Amino acid sequence: MNLLPVKGSIPAKKVLVFTHSAGFRHSYIPTAVETITKLGERSGAFEAFATEEPADLDPKGLREYAAIVFLTTGELPLTDEQKRALIDYVKGGGGFVGVHNATDTFYNFREYGEMLGGYFHSHPWTQVVRVIVEDQSHPSTRHLPRTFEVLEEVYTFRDWSRARTHVLISLDNSSVDLSRGTRPDNDYALAWCHSYGKGRVFYTAFGHFTWLWRQDWFQKHLLGGILWAMGVA
């Protein structure tokens with residue numbers, strides 16, 4: 001994946017990075033904002049605008065962005081108009097990217113969970129795990145080997161089914177104590193993508209640890225997901 005500036009290209013599109021924490025606030029957020037900003041600059045594909053102010057999710061202003069990235073937790077203090085605008089934005093062709101705790105968000109806003117693909121259930125494993133790249137052709141995964149190991153706080157999900165999304169990366173169940181799992185089907189996805197209306201949704205459960213945001217593989221994984229959600233990859 002080319003991360004060099006794109007010379008002579010059209011002006012970069014805008015990506016909104018929303019970092020409001022209405023629940024637990026992850027320490028990685030400042031590094032994440034810096035990383036996403038630099039990924040946009042180095043790729044020449046987008047200019048990132050970060051905010052934690054709910055008022056900045058202006059219903060009329062959302063159309064200015066090619067994608068929205070959520071690094072959020074809890075019941076975000078958005079108005080009903082803002083919530084409706086967010087869903088309409090994605091259905092109308094906007095890109096949505098959720099990272100790690102984005103699934104730990106808006107439990108009382110069912111359309112959000114349907115749009116994203118599911119909700120956080122728990123994190124029974126914080127350890128080095130082996131993961132399986134189920135789709136090595138996607139822009140977010142084509143640089144990755146078929147399997148690799150990573151230290152992560154592994155999320156499990158509820159209201160989630162692979163029948164409603166396209167799984168990109170999943171947990172290798174042989175690398176964990178499955179008796180601590182939370183799903184009867186033992187199906188633990190760690191990254192997925194799907195269409196939602198005319199829009200595109202990408203989610204990755206990776207990113208709990210700040211140091212991970214400095215890793216080349218994770219930066220390429222995230223950039224590929226953002227570009228796919230934007231419709232340019």
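Small disclaimer: the values here were computed from a predicted structure and weren't measured. (Residues numbered from 1 in each chain as written. Predicted model: local features only at pLDDT ≥ 70, side-chain atom pairs only at ≥ 80, totals over all residues. Heavy atoms only, no water.)

### Examining the overall build of the protein
Applied cut-off: Counting from the N terminus, the helices are DSSP H or I runs at least four residues long and the strands are E runs at least two residues long. Just to be clear, the radius of gyration here is over C-alpha atoms, and the globule rule we use is 2.2 Å times residues to the power 0.38. Burial here depends on accessible area, computed with a 1.4 Å probe over protein chains only, as a share of the maximum for the residue type. Under 20% is buried, over 50% is exposed, and the range in between is partly exposed. What makes two residues a contact is simply this: any of their non-hydrogen atoms within 4.5 Å. Method for areas: the Shrake-Rupley scheme with a 1.4 Å probe, in which residue coverage is limited to the protein chains shown.
Each helix and strand in the protein was counted, giving four helices and nine strands. The linear arrangement of helices and strands in the protein, starting from the amino end, is β-α-β-β-α-β-α-β-β-β-β-β-α. The C-alpha atoms of the protein give 17 Å as radius of gyration, which agrees with the globular expectation for 233 residues (17 Å, within 12%). Among the 233 residues that make up the protein, the fraction classed as buried is 57%. Sequence-distant contacts in the protein: of pairs separated by 6 or more residues, those separated by 24 or more amount to 76%. Summed over all atoms, the accessible surface of the protein reaches about 9900 Å², with 50% contributed by carbon and sulfur.

### A look at helix α4 (residues 216-230)
Definition in use: The span expected for a helix works out to 1.5 Å for each residue beyond the first.
Between its first and last C-alpha atoms α4 spans 21 Å; for 15 residues at 1.5 Å apiece the expected length is 21 Å, and the two agree. Buried residues dominate α4, accounting for 14 of its 15 residues.

### Remarks on the pattern of salt bridges
Keep this limit in mind: Every case where a carboxyl oxygen of Asp or Glu lies within 4 Å of a side-chain nitrogen of Lys or Arg is listed as a salt bridge.
This structure, assessed with the given rule, holds 14 salt bridges. Among the ionic pairs, D172 bridges to R130, the shortest N-O distance being 3.3 Å. Note that D172 is positioned in the loop between β7 (166-171) and β8 (189-196) and R130 in strand β5 (residues 119-133), a separation of 42 residues in sequence. Classification of D172 by relative accessible area gives buried; the value is 15%. Judged by its relative accessible area of 28%, R130 is partly exposed. Residues joined in a network through salt bridges with shared partners are E34, K38 and R214.

### Quick word on a negative patch on the surface
Applicable threshold: Only residues whose relative accessible area exceeds 30% and that form no salt bridge are eligible for patches; like-charged ones are grouped when within 9 Å, while nonpolar side chains (Val, Leu, Ile, Met, Phe, Trp, Tyr) are grouped when within 5 Å. Lys and Arg are tallied as positive, Asp and Glu as negative. Neither His nor the chain termini are counted. Lysine's charge is taken at NZ, arginine's at CZ, aspartate's at CG and glutamate's at CD.
On the surface, a cluster of negative charge is made up of E53, D56, D58 and E81. By the secondary structure assignment, E53 is in the loop between β2 (46-51) and β3 (65-70).

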